[in-house]
Amino acid sequence: MTRTVSGARVLITGAASGMGRLYAERAVAEGARAVILWDRDAAALTRTAARLSEGATGTTAVFPYVVDIGDLGAIAQTAQRVRTEIGNPDILINNAGIVRGAFFWEHDNGDDTRPTMQINALAPMYIAREFLPGMMSTNGRESRIVNIASAAGLLSNPRMSVYAASKAALIGWSDSLRLELVQQGFSRVKVTTVSPSYISTGMFDGARGPLLTPILTPEYVVDRVWRAMLAGTPQVTMPWTVGLSKVLRGILPLPVWDLVAGRVFGVYNTMDDFVGRS
């Protein structure tokens with residue numbers, strides 16, 4: 001699986017719009033056997049599935065499933081339907097996510113904190129747990145799990161406390177899973193953890209990039225992630241300043257890092273004018 005997903009079954013969460021739809025388009029274009037779309041927006045999912053089906057060749061089928069991945073029971077039931085109706089996915093792209101851009105004390109436990117942790121951190125684990133045994137038992141064929149995290153999971157930032165916590169949890173689990181699979185002899189199941197800065201999908205409308213860190217386009221990110229997924233690259237951070245910031249945060253004393261991040265790079269004010277997707 002170094003060049004194409006032709007013949008593979010690809011499952012994408014948050015697939016009805018944004019980057020999820022772009023991943024689905026890529027899978028269709030490369031002749032995936034099945035493109036499995038998960039999203040909670042039924043109307044958008046129907047439109048996306050129809051559009052993808054129109055562009056698919058005779059070897060590709062598109063399967064939309066309406067599912068709220070914040071609900072463990074819904075995940076389990078829908079995963080069983082997928083296994084029964086299509087078969088176990090060869091590729092899982094955990095793309096769905098939400099953000100609440102506010103100070104921590106402005107988060108409501110039930111309306112904000114809980115769903116952020118459920119969708120961003122727990123759902124990828126639940127979904128991977130449903131399909132991972134099938135990936136591990138497949139003889140010969142390589143499989144992929146792609147977890148879309150965020151630079152926020154690597155670097156603290158005001159007005160992103162819960163979101164940052166959810167992505168930090170995702171990063172810790174995702175890369176630990178990668179190591180477990182290698183250690184136990186299942187290296188044909190490769191895990192890619194993706195940590196991008198702000199992307200112009202609408203999710204972070206109003207946010208501005210730190211110094212030397214442009215807002216990324218969805219098309220650029222999807223292309224980078226796709227190529228990394230095919231190659232089995234363990235980690236992807238983008239742009240390059242995210243990696244630089246990670247290194248500086250590790251070697252500088254905290255007061256010095258706060259000064260550099262806050263006053264030089266402007267990291268700590270990137271969410272000042274955040275409005276999010278309307």
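These numbers come from a predicted model, not from an experiment.

Attention shifts here to the side chain of Asp 39. Secondary-structure assignment places Asp 39 in strand β2 (residues 34-39). The side chain of Asp 39 sits in the buried core without any salt bridge; Arg 40 is the nearest counter-charge, 5.9 Å away. In this structure the side chain of Asp 39 is engaged in a polar contact, spanning 2.9 Å, whose partner is the backbone nitrogen of Asp 41. With residues near it in sequence (within four places) discarded, Asp 39 still touches Gly 14, Ala 15, Ala 16, Leu 45, Tyr 65, Val 66 and Val 67.

What follows is about the pairing of strand β6 (residues 189-196). With 7 of 8 residues buried, β6 lies mostly within the body of the structure. Bridge count for strand β5 (residues 143-148) against β6 is 6 bridges, and the pairing is parallel. Its bridge partner lying in β6, Asn 147 is registered against Thr 193. For the crossover that starts at β5, traverses helix α5 (residues 161-183) and ends in the parallel β6, the hand is right-handed. Across 4 bridges, β6 lies against strand β7 (residues 235-238) in parallel orientation.

Along its 29 residues, helix α4 (residues 109-137) runs 39 Å from first to last C-alpha, staying within 8% of the 42 Å computed at 1.5 Å per residue. Maximal helix bending in α4 amounts to about 45°, located at Leu 122; proline Pro 124 follows within four positions. Of the residues that open α4, the one with a side-chain oxygen 2.9 Å from the backbone nitrogen of Gly 110 is Asp 108.

The strand order β3-β2-β1-β4-β5-β6-β7 describes an open sheet built from 7 strands, whose pairing is parallel. Each edge of the sheet is formed by a strand with only one pairing partner; in this case those strands are β3 (61-66) and β7. In this sheet, adjacent strand axes meet at a mean angle of 15° when their direction is disregarded. Bridge count for strand β1 (residues 9-13) against β2 is 5 bridges, and the pairing is parallel. Bridging across to β2, Leu 11 finds its partner in Ile 36. Of the strands in this sheet, β1, β2 and β3 touch helix α3 (residues 72-85), which is tilted by about 165° from β2.

This next bit is on the packing of α4 against α5. In helix packing, the relevant descriptors are the interaxial angle and the interaxial distance, both defined with respect to the helix axes. For the pair α4 and α5, the least separation of the axes is 8 Å and the interaxial angle reads 15°. Relative to α5, α4 is oriented roughly parallel. For the element pair α4 and α5, the recorded crossing hand is right-handed. Together, Thr 113, Thr 116, Met 117, Asn 120, Ala 121, Pro 124, Met 125, Ala 128, Leu 132 and Met 136 of α4 and Val 162, Tyr 163, Ala 165, Ser 166, Lys 167, Ala 169, Leu 170, Trp 173, Leu 177 and Leu 181 of α5 make up the contact between the two elements. A class-by-class count of the residues in the contact of α4 with α5 yields 15 nonpolar, 4 polar and 1 charged.

A separate point is the packing of aromatic side chains. Here the structure, examined in full by the defined rule, presents 6 aromatic pairs. Relative to Phe 204, the ring of Tyr 198 has its centre 5.2 Å away and its plane inclined at 50°; by these criteria the two rings are tilted. Here the two residues Tyr 198 and Phe 204 agree in accessibility, since each one is buried. Members of the aromatic cluster, connected to one another through ring pairs, are Tyr 163, Tyr 198, Phe 204 and Phe 274.

Procedures and definitions
Residues numbered from 1 in each chain as written. Predicted model: local features only at pLDDT ≥ 70, side-chain atom pairs only at ≥ 80, totals over all residues. Heavy atoms only, no water. Helix = DSSP H or I, 4+ residues; strand = E, 2+ residues; numbered from the N terminus. Buried < 20%, exposed > 50% of the residue type's maximum accessible area, 1.4 Å probe, protein only. Lys, Arg positive; Asp, Glu negative; His and termini not counted. Salt bridge = Lys/Arg side-chain N within 4 Å of Asp/Glu carboxyl O. Polar contact = N/O pair within 3.5 Å; in protein donor to acceptor, adjacent residues only side chain to side chain. Contact = heavy atoms within 4.5 Å. Pairing = 2+ DSSP bridges. Right-handed = clockwise from strand over helix to strand, strands pointing away. Expected span 1.5 Å × (residues − 1). Bend = angle between axes of the 7 residues up to and from the residue. Axes fitted to C-alpha atoms, helices over the stretch in contact; angles between N-to-C directions. Parallel < 35°, antiparallel > 145°, perpendicular 65-115°, else oblique. Left-handed = near helix turned anticlockwise from the far one by under 90°. Nonpolar A, V, L, I, M, F, W, Y, C, P; charged D, E, K, R; others polar. Phe/Tyr/Trp six-rings, centres within 6.5 Å; stacked < 30°, edge-to-face > 60°.

So yeah, pure geometry; function would need other evidence.
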